[in-house]
Amino acid sequence: MANKNLSVWTSIPFWRRSAAWVTGFASILLIWLTFDTLGQITMGTDDDLKNGVTKRVPAATVINYKIGYEMSTKRGHEVPTIGEKEPFFGKEWSADDAADLLHLGKLTSQTKNCMNCHTLLGNGAYYAPDLTKAWIDPAWSKTGPMMAMTGKSTKEEAIAEFLQHPSTYPTHARMMPELGITADEAKGLVAFLKHMSSIDTNGFPRNFGKEEGSTNAH
Amino acid sequence: MLTSIKENHLTNKGQELGMMYFRVAIILFGAQLVMGLIAAIQFLAPGFLFELFDFSVARMVHINALVVWMLYAMIGATYMMLTDETGHEGVAIGLGKLGFWLLTAAVTVVVLVYIIVQVGPGTEASLWLIHEGREYIEAPRWADIGIVVVVLIFYFNVFATYMKGEKTGIMTVMVANLLALAGLYMAGMFYTDNISMDQFWWWWVIHLWVEATWEVFVGTLAAYALIKIIGAKREIVEMWLWIEVLMLFGSGILGMGHHYFWIGTPEYWWEIGALFSALEPVPLIAMFVHVLYDWGKEQGIAEGRGETASVITNGPAMAWIVTNAFGNFLGAGIWGFFHTLPQVNIYTHGTQFTAAHGHLSFFGAYATILIGMMYYGLQRAYGVQRMKLTFKSKMGIFLTTFGVMGMTIALTIAGYEQVIVERGEMGATWNAFFVAQNLPWYVQAQMWRAIMGVVTLLGFIYLAWDLLTIGKVSKEAEA
């Protein structure tokens, strides 16, 4: 075979060149798409929010707004909605303060190792619920069980209280452990969760919180 | 394995260094299984070690031990083949040994900090000193920098030896692929407040490792091993290798799109991810066919010459390589394809389906061939002409493979339940999650997973025992 090539299909140089071209082409396409995607997932600004400009990942000040998750007939799946303003921990946050709070929250989500029990945007471990849309989970709504359990009057305070003392408020035999989360870190984490719920995830998870009644499967 | 270096049948210093890496790899493999077992028990009895050694800690050490033992075994395997392929003594093996000790000291400190400190306050210092809380690449920043330094030493050794020696096709692929593999690690070494951006680059490391560069690495190992173990023709395995590189990179690089369906990234990744990741099993079928075909062909030629003996000069290594050919296709190919299309993945993303796929693919695609390389290293270290399967080798390969397969099936069933009930019926909420987790069939599946985990650990004990003894036993049998 090395002496005489009977066919291109048994020629090593042919396959080497093909491998190089295909790899090069795939890599260039990936890099090109990466530039496009990076532009689309860069965090928006406070002005975008004020002017109603939709961003896939909104600015940190999105914590000052009501967030929903509604079916878009145009896109064929659910999308996050950013509604009217609502106070977050009793006040409206400036762009700088909101960014600082989100920074603390994201940092804490890493240092407390959330991702090795929970999934964030569906990635992580599968021991605890997905947190992508945790902020709008019915369990934390006015009529949900968590508000009464923690004795708080707002959703953000209830979540912050739970995060600081999770095993004091057990919901199931499988509990979240005490991770030494401080009051400030808890606030940051709630901001991080609220911000994450406003990210456009192309309809994941589907039908979130739309179930009425419960299944007979159990 | 302990006396593999003292026996000193190794023809060069690079192989000694390879054996050093293999020893640490097998210890970390054991640690991985113990941690996995703790986590599996916690699924069934959540009170087990609660607030003492929580699931998050066990799971972090479980997956980190996995990544690190595989990297150790990969470095070991590269040092093992370096001089054989290039015909040149490694240029800076002394420096390589220093790198080995640095890396091993760093890994020890990192693991102790994971186990003892566990979590830190929400500050940058925690990321630098404790861990980064990013699945698979949790290593704290100081260790990241240390890893880069050690990998640079390793790469310098490989590259400089390659430049001085013979440039075979196998080594050319190895040198180019290792550069990509090492460089990609840097995509995971920064912090951002933007979780979508975070995960976008995180996948550059994870996906482009396990679904591109690691797979090509397996291709080069299989090529080298087939030449050494069954006497396959270099022209044939190298041609296969280039075809595999073409198909693996051609599908795997853009197959990354299947991780970009739901993390905030644009919709066009649906089409790109679906198309290219659906092609990812194709090279795995090719690799499977290639290993079995070459084996059959070489045996046939030998029989044609009137020889009756097997062409296999290392039974356990070949057994693990054949398991790799099958396991890679089944675990990475089939189990990956199960949930790679967005129409399916919108429901299965982040469920036990992923765990099932993860277990069989890491084992089938990587653990198997790396263990095969360890057996090959032992054969060389003890100067054994023909290494045969012992009872312990057979028990090791049978029980670990059976155990991992069992865990995979159990987790697939658990995933199926979870997808239907939590995602399909109940809309993925906090409550939906727990309803699904408490279904009797789900719990039963988790129980089987734990049982199969024990079987895997038993297999590992046989395997480790065999690795410790087979060199001496085979040598004595031949004497």
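Residues numbered from 1 in each chain as written. Chains lettered and ligands numbered in written order. Predicted model: local features only at pLDDT ≥ 70, side-chain atom pairs only at ≥ 80, totals over all residues.

### A closer look at the overall build of chain A
Counting secondary structure elements, chain A contains six helices and four strands. Sequence-ordered secondary structure for chain A, helices as α and strands as β, is α-α-β-β-α-β-β-α-α-α. For 218 residues, the compact-globule estimate of 2.2 N^0.38 gives 17 Å, and the C-alpha radius of gyration of chain A, at 23 Å, exceeds that figure by more than 25%. Principal axes of the C-alpha set define a box for chain A whose edges measure 85 × 45 × 35 Å. Buried positions account for 46% of the 218 residues belonging to chain A. Nonlocal contacts in chain A, meaning residues at least 24 apart in sequence, comprise 49% of its contacts between residues at least 6 apart. (Helix = DSSP H or I, 4+ residues; strand = E, 2+ residues; numbered from the N terminus. Rg over C-alpha atoms; globule rule 2.2 N^0.38 Å. Buried ≥ 20, exposed ≤ 12 C-beta atoms within 10 Å, placed from the backbone. Contact = placed C-beta atoms within 7 Å.)

### Observations concerning the interface of chain B and chain A
Every contact between the two is made by 70 residues of chain B and, on the other side, 78 residues of chain A. Looking at the side of chain B that touches chain A element by element, the count peaks at eleven residues for helix H9 (residues 234-255) of chain B. When the residues that make up the side of chain B that touches chain A are grouped by side-chain class, the tally is 36 nonpolar, 22 polar and twelve charged. (Nonpolar A, V, L, I, M, F, W, Y, C, P; charged D, E, K, R; others polar.)

### Points about the packing of helix H14 (residues 352-381) of chain B against helix H15 (residues 391-425) of chain B
Residue and element names in this part refer to chain B. In the contact formed by H14 and H15, the axes pass within 7 Å of each other and the chain directions differ by 160°. In terms of orientation, H14 and H15 fall into the roughly antiparallel class. You can see that H14 and H15 cross each other, and the crossing is left-handed. Contacts between H14 and H15 involve Gln352, Phe353, Ala355, Ala356, His359, Leu360 and Phe363 from the first element and Val404, Met407, Thr408, Leu411, Thr412, Ala414, Gly415, Gln418 and Val419 from the second. The residue makeup of the contact of H14 with H15, split by class, is ten nonpolar, six polar and no charged. (Axes fitted to C-alpha atoms, helices over the stretch in contact; angles between N-to-C directions. Parallel < 35°, antiparallel > 145°, perpendicular 65-115°, else oblique. Left-handed = near helix turned anticlockwise from the far one by under 90°.)

### A short note on the nonpolar core
Core analysis: the largest hydrophobic core is formed by 225 residues, its most contacted members being Tyr21(B), Ala73(B) and Leu370(B). With 23 residues, the top contributor of residues to this core is helix H8 (residues 195-230) of chain B. (Core = buried A, V, L, I, M, F, W, Y, C linked by C-beta atoms within 7 Å.)

### Considering the environment of His131(B)
Summarising the element assignment, His131(B) is placed in the loop between helix H5 (124-129) and helix H6 (141-164). Separated by 71 residues in the primary sequence, His131(B) and Met60(B) place their C-alpha atoms 9.8 Å from one another. With near-sequence residues (within four places) excluded, His131(B) lies in contact with Asn113(A), Tyr114(B), Glu138(B), Ala139(B) and Pro140(B).

### Describing the domain arrangement of chain A
Here chain A is partitioned into domain 1 (8-40) and domain 2 (42-197). A separation of 40 Å is found between the C-alpha centroids of domain 1 of chain A and domain 2 of chain A. (Domains from an automatic or database assignment.)

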